[in-house]
Amino acid sequence: MRVSRYPTLNPPARKGSKSVKYYLLAAIDRIKNDKIVAQELTIHPLVKDFTVMKLNAIIFGVTINNVYEAEYSYDDPHSVICSEDDPRRDLNTFLKHEQRIFEYTDADEGNGELTIYIPEALQSQNNETTVFKVKVDFALEKPTFGLHFFVPNDDSVLSTKSRHLFTTGHNARSIFPCVDSYCEPCTWTIEVTIEQSMVVIASGELIECVTNQDWKTYRYYLSTPVPAPLIGLAIGSFESVVDSHSQEITNYCLPAMLPLLTNATSFVHEPIEYYEELLNASCQYPNYKQVFVYEAHSECMSYASMAILSTSLLHPANIIETTWHARTQMAYAVATQFFGCFITMRSWCDWWLLTGLSLYLTNLYTRRAFGNNEYRYNLYQDMLEVIRYEREDNPIKLDFSSLPDADITNINNRLGQMLSSSYLEVAAKKAHLVVRMIDDFIGREIMMQVLNKLMCLATTACLTDASISSRSRLHISTKSFARVVSALTTKDIQPLLTQWVYESGCPKLIGSFTFNRKRNIVELELRQDTTIKGSRRFLGSLMVRVQELEGSFSQTILLEENVTKYDLTCHSKIKRNKKKKIPLISGEEVDIDSSQMDPECPILWIRLDPDMKIIREIQFEQADYHWHCELRYERDILSQFEALEALKRYPSQNTRQTLGVVLDSSTCYYRIRMECACVLAQIANAMANTWTGPPATLSFFRRVFMCANVSNSSLPNATPAGGTITSSSTATTPTTTTTTTTTTIVRVNDFSNSQMYMLQKTIPKALGLQRNKDRVCPSEVIHFLFDLIHYNENSKNRFSDCYYRSSLIDAIGNTITSNVGQLPLNNDHQSNTSNMNLDPNTKRIIDEIVLQLNFDTIIPSYDYCVTSSCLKVLRKLQAHCLIPINMDIFYEYARYGMYDSVRLTACEILVDYVEYGDNNREKRVKFLVQQSIVKYFCKHPPFRQNRSCSLNNPEVVDHLWMLINTCAYHIMLRNDLAEFYQTLFGIHRPNCLPVLVHAPVESDDFGQIVDLVPSLDSERINYYRTTRFINDTKTKTLSENPSK
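Note that the structure is a prediction, hence the values are computed from the model and not measured.

About the cut-offs
- Residues numbered from 1 in each chain as written.
- Predicted model: local features only at pLDDT ≥ 70, side-chain atom pairs only at ≥ 80, totals over all residues.
- Heavy atoms only, no water.
- Pairing = 2+ DSSP bridges.
- Helix = DSSP H or I, 4+ residues; strand = E, 2+ residues; numbered from the N terminus.
- Axes fitted to C-alpha atoms, helices over the stretch in contact; angles between N-to-C directions.
- Salt bridge = Lys/Arg side-chain N within 4 Å of Asp/Glu carboxyl O.
- Buried < 20%, exposed > 50% of the residue type's maximum accessible area, 1.4 Å probe, protein only.
- Contact = heavy atoms within 4.5 Å.
- pLDDT = per-residue confidence, 0-100.
- 1 Å grid on protein atoms, 1.4 Å probe; cavity = no way out; pocket = protein on both sides within 12 Å on 5 of 7 lines; lining within 4 Å.
- Points joined across faces, edges and corners; volume = space filled by probe spheres on them.
- Nonpolar A, V, L, I, M, F, W, Y, C, P; charged D, E, K, R; others polar.

A few words on the sheet that holds strand β17 (residues 233–236). Two orientations exist for strands paired in a sheet by backbone hydrogen bonds: parallel and antiparallel. Strand order in this open sheet of four strands is β11-β12-β17-β14, and the pairing throughout is antiparallel. Each edge of the open sheet carries a strand with a single partner, namely β11 (147–150) and β14 (199–202). Looking at each pair of strands side by side, their axes are set apart by 10° on average, direction ignored. Here β11 pairs with strand β12 (residues 164–167) via four bridges, running antiparallel.

Below, the structure is given as structure tokens:
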């Protein structure tokens, strides 16, 4: 296959020296060779003394105007960060070198790997109309990043049709010569020549497709200026589906996946229409394309006018679970077309703003599509994840700028390109929460006006008669965004940015209250704990909402000190023996049983920051009956989640009763009911010695999801097949004895109610977690779970039951218990466990897992979810010494060729195995080095901070050091490996290495590089900086010779 590409770019001047138009020819000879060859750029100089140009690329040969052989210098410092001869092996040295490399090749500062010297014969011809045609030849063989080739091993017809390639990440320099910067927008023409059986999808609008014998040529044109990192390309035997509601939307997939594509993408027009209505502005791209590929590096990768997504998001109509996640990911891809691709960030310091705005729009759409409760639940989970990461891992500072003399060992002082994927994932969630805080501060209507203003300014920059200086409106920064907000409102968001963007950490508030009956006030005390990791003091206003007998009342207090006390006016008085409906904040009135309440206190419950105005951790102390009332009668799901978390500390009969009422409430949000089932299991375990009646949630499941069957029989204990006896009564007469038996049998599955289906999946898993007074799962629960598996019937259900069967396997895995606290690793123990006498329940679990695993191989479930669950249970059986320890089965499922979700599950198990112990760990580390697996290693390392472990040895140090220094342009993988290295050995030299007698002298490898860019006159310098960084405003005169 042969591919040719002709992008035409019109960027603004780079560092006051030049404006560049690119004319690029790329050729892929055969898809198996993984090779690209490129030619030709067109240069329009803006200065007379144009002698040098710098680009970001890999390797080149250069001629100008097809006549002059131009001299050039090429230096790619990304290939090796630290040399192998460097004996220090400390991460501090590595980070310093990496930061210098990013600064040396930073396109925003006019730098690049390639420096081209203009021949003197052409310098004299330079004037305003001069055009230089530069021919650039380069070869990229077997790329590890930038382009991904999917080539199956076999040569079948289906495998041949499934071969394809696509762009990965936003590192354009790894594919073609360019100015690899987000603030250099350009127009593009892309021309690709391929075989007849192939299809090309690229950024822009398809202008023509010309057929010539065995080849055909696709030509795309993108009139909207776009930076090079946002140019996407996919080539393969794709099949397409045009959206029935909008002809501008086209979806592409590989052969045999067309039915899945039609179902999964039928809604894509909805978020586009919603965003355009919300912003009162249309997207400037002529069309939008979604391409679903195998082995995508991430589930969603957005490019200008297109998105490349993973095939794991495609699902049939009978799968319920994937719908929420797939729609959210595609809605996010659409949102990034507005903020992320059309309007881009000015630098990495502004990454948080574009990411936060796109997630902000995405969550507004999910609230419209899935409801307000789902929206608030996602916000709550994001906030918990941010707090957990800042407490356990690293504080998050959204401003990625690095000061010249900053301590680089502090993660908040590193460049954005040096941060791990885990850090960026959580930082994206915090960015969304900060943007939402800005929305709360200035108001939703004003927020929409601000976004509309940004869209309108960017749209005017795309007009054909727009000047080059106006293209600075296509990228925004934190400061420019604050200026727009200040221009449209009278509010200043700078204090908010200072507190949540330029600084890290979040407050922890500890509160309690007492009721003063004489003064009829609530004495509230709040304390801020600043001693824990990732915590900081919060200064600002906080809302307190008090639910009283007379209604709900909100007051705003000001936090200034670490410990503050407030007197809140109480609007209710004690009225003994007078029943009255109590009004709630939702507007409804309810009857509340006040028998358990303090008769001297009219306060039902108190909430701090009920609307999540800030990112905070709250620990509020109040009596258990306050939490009972809050859980039962408060309609806000955040309040109910807080009450459920607090009630874990109050195992009592009243708590059990309250949880049962909420679980049985059909008006309660399904996620609350799911969490309620799990908390009820914990309460039952805490009350194991005093618990009476059937196991928690078991009677509820029988009543709601099973059928009752009453039979009369002269034989005692008559039970239909699959039934479970729940009650029986015996009537004795002089002639006969009749036994009436009430049984419950498994219903035929009906998942038409998705919320009840999610609850039906959760309760068996909660049942499996229950323990009796002997700390083992009751036999009644185990037999009940096996009955659910054996008598599961899905023939009349229009939805698949694969995830339900997977949850049942997880449930029987939860029943596994053992007195063994550690995982033994010696061979003697393995031989003993193989001959061990197991109880019947354990043997039944093993047989069932093997049966389900083999059955899923013959008739696969969707996403092989049943196989993944079986592997987890097998690992748990091994960890509890119930079966011999053998990791070969997990290596078999982790090999290349298995389904992605199964591979990830198997790799997680292997990481867990390395964490607990393995005599051959070093081999395991080599096997599991992939980005997602490295992330699991960071969460579950075999040891931390140089602690004693057999894996803490020089061989492992050398192996990991070699990996983090040779990942080349796979920056995220390199950063994740560096984080893993820091988790194991810290920031300094590992203790397992011998002490260096003579430390090498630190040398500045980049200080010897001479800057060959000529000095420019002050007018050009001022013009460049004015047009690029300021929107139609005056700037001060800059220095005549600014430093690079």
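Past the structure itself, the notes keep going.
Glancing now at the pattern of salt bridges. Considering all chains together, one arrives at 34 salt bridges under this definition. Residues Arg 100 and Glu 103 are paired through a salt bridge, measuring 3.9 Å at the closest nitrogen-oxygen approach. Of this pair, Arg 100 and Glu 103 both sit in helix α1 (residues 91–104), three residues apart, which is roughly one turn of that helix. Residue class for Arg 100 comes out partly exposed when judged on its relative accessible area of 33%.

Once that is clear, we can look at the environment of Ala 326. Its place among the elements puts Ala 326 in helix α6 (residues 321–338). Considering only alpha carbons, one finds Ala 326 and Cys 300, 26 residues apart in sequence, at a separation of 9.8 Å. If we ignore the near neighbours within four places in the chain, the residues touching Ala 326 are Leu 313 and His 315.

Before going further, it helps to examine the sheet that holds strand β21 (residues 300–303). Strand order in the open sheet made by the five strands is β18-β19-β20-β22-β21, with mixed pairing throughout. Among the strands making up the open sheet, the edge pair consists of β18 (239–242) and β21. On average, adjacent strands in this sheet sit at an angle of 20° to one another, irrespective of strand direction. The pairing of β21 with strand β22 (residues 306–310) spans four bridges and is antiparallel. From the neighbouring strand, Met 301 faces β22, where its bridge partner is Ile 308. Running at roughly 20° to β21, α6 makes contact with β20 (288–293), β21 and β22 of the sheet.

Right, let's get into the confidence of the model for the chain. With 80% of its residues at a pLDDT of 70 or more, the chain has an overall mean of 81. In this model, residues 917–929 is a region of pLDDT below 50 whose contacts with residues beyond four sequence positions or in other chains number 30 contacts. Every residue in residues 1004–1044 scores below 50 in pLDDT, and together they form 62 contacts with partners more than four places removed in sequence or on other chains.

The probe, sized like a water molecule, is rolled over the atoms to show the empty space still left. Its volume calculated, the second largest pocket comes out at about 870 Å³. What lines the second largest pocket is a set of 30 residues, among which Tyr 380, Leu 384, Phe 641, Glu 642 and Glu 645 lie closest to the centre. Those elements giving two or more residues to the lining of the second largest pocket turn out to be α8 (372–392), β32 (603–608), β33 (617–621), α13 (624–633), α14 (637–647) and α16 (670–686). In terms of residue count, the dominant contributor to the lining of the second largest pocket is α8 (seven residues). Residue classes in the lining of the second largest pocket are distributed as 15 nonpolar, three polar and twelve charged.

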